[in-house]
Amino acid sequence: MRDKIAELLAAAKQAHGRAYAPYSGFKVGAAVLGDDDKIYMGCNTENISYPCGSCAEQNAVGAFVCGGGHKIKAVLVMADSIKTISPCGACLQRINEFADKETTIYLADLEKIRQTYSLRELLPNAFNDLEINK
Ligand SMILES: [Zn+2]
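As the structure is a computational prediction, the values presented were derived from the model and not from experiment. (Residues numbered from 1 in each chain as written. Predicted model: local features only at pLDDT ≥ 70, side-chain atom pairs only at ≥ 80, totals over all residues. Heavy atoms only, no water.)

1. Section: the overall build of the protein
When its secondary structure is counted, the protein shows four helices and five strands. Seen in sequence order, the protein has helices and strands lined up from the N terminus as α-β-β-α-β-α-β-β-α. Expected size for 134 residues packed as a compact globule is a radius of gyration near 14 Å; at 14 Å, the protein falls within 12% of this value. Overall size of the protein, expressed as C-alpha extent along the three principal axes, is 40 × 35 × 30 Å. Intrachain contacts of the protein at a sequence separation of at least 6 include 61% that bridge at least 24 residues. Taken as a whole, the protein presents about 7,100 Å² of accessible surface, with 54% of it coming from carbon and sulfur. Looking at charge distribution, the protein has the averaged site of its 15 positive side-chain charges lying 2 Å from that of its 16 negative ones. (Helix = DSSP H or I, 4+ residues; strand = E, 2+ residues; numbered from the N terminus. Rg over C-alpha atoms; globule rule 2.2 N^0.38 Å. Contact = heavy atoms within 4.5 Å. Areas by Shrake-Rupley, 256 points an atom, 1.4 Å probe, with all protein chains shown as cover. Lys, Arg positive; Asp, Glu negative; His and termini not counted. Charge placed at Lys NZ, Arg CZ, Asp CG, Glu CD.)

The structure is reproduced here in structure tokens:
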């Protein structure tokens, strides 16, 4: 898993560099580790019509689904900020759709992981019980 964490960090950093955030200036990169041991990237993609923008995690989950993934082992979210950022509520729900009890959420700056949570810690009362998503 240590190698995979290093890969997640590298992928999220690459995604962060590709973020399209001309309005907020706040770039976010995300990397999803699927049960196929593949890594899927996403970056935030803003739009001049603000509600049309999408989160980095949202785009990474979409890439995971399109790539054929079935379960999410881990998600790493990266931003260049003093305080780590967590997936928003909607993205936690999106991750939950493909999660199990072991799904881990890593919050990172541009260099390293600063906090680690289980999805259940961040979304303790998900809309669907995680047990039915096994
Ligand atoms: Zn989100």
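From this point, things continue past the structure.
2. Describing the pairing of strand S3 (residues 72-79)
For S3, a buried count of seven out of eight residues is recorded, marking the element as mostly surrounded by other parts of the structure. The sheet contact formed by strand S1 (residues 28-34) and S3 spans seven bridges and is antiparallel. Among the inter-strand pairings, alanine 31 is bridged to a residue of S3, identified as leucine 76. For S3 and strand S4 (residues 104-108), the ladder comprises five bridges, and the chain directions are parallel. Bridge assignment links leucine 76 to a residue of S4, and that residue is tyrosine 106. Chirality of the crossover, the property in question, places the unit of S3, helix H3 (residues 89-96) and S4 among those that are right-handed. (Buried < 20%, exposed > 50% of the residue type's maximum accessible area, 1.4 Å probe, protein only. Pairing = 2+ DSSP bridges. Right-handed = clockwise from strand over helix to strand, strands pointing away.)

3. What about the sheet that holds strand S2 (residues 39-43)?
If you trace the five strands from one edge of the open sheet to the other, you get S2-S1-S3-S4-S5, paired in mixed fashion. Where the open sheet ends on each side, the last strands, each with one partner, are S2 and strand S5 (113-118). Put simply, the sheet's adjacent strands are angled 20° from each other on average, direction ignored. As paired elements, S1 and S2 share five bridges and run antiparallel to each other. Considered in S2, the bridge of leucine 33 is made with isoleucine 39. Contacts between helix H2 (residues 56-66) and the sheet are confined to S1, S2 and S3, with S2 contributing the most and set at about 145° to the helix. (Axes fitted to C-alpha atoms, helices over the stretch in contact; angles between N-to-C directions.)

4. Description of the coordination of the zinc ion
At the metal site, the zinc ion is ligated by Cys55 (SG), Cys88 (SG) and Cys91 (SG), and these contacts range over 2.2 to 2.3 Å. Mapping the donors of the zinc ion onto the primary sequence gives the spacing C-x32-C-x2-C. (Donors = N, O, S within 2.8 Å, 3.2 Å for Na, K, Ca; no water.)

5. Things to note about a nonpolar patch on the surface
Where nonpolar side chains cluster on the molecular surface, the patch consists of Tyr20, Tyr23, Ile48 and Tyr50 and spans about 500 Å² of accessible area. Examined against the element boundaries, tyrosine 50 turns out to sit in the loop between S2 and H2. Using a relative accessible area of 60% as the deciding quantity, one classes tyrosine 50 as exposed. (Patch = residues over 30% accessible without salt bridge, like charges linked within 9 Å, V, L, I, M, F, W, Y side chains within 5 Å. Salt bridge = Lys/Arg side-chain N within 4 Å of Asp/Glu carboxyl O.)

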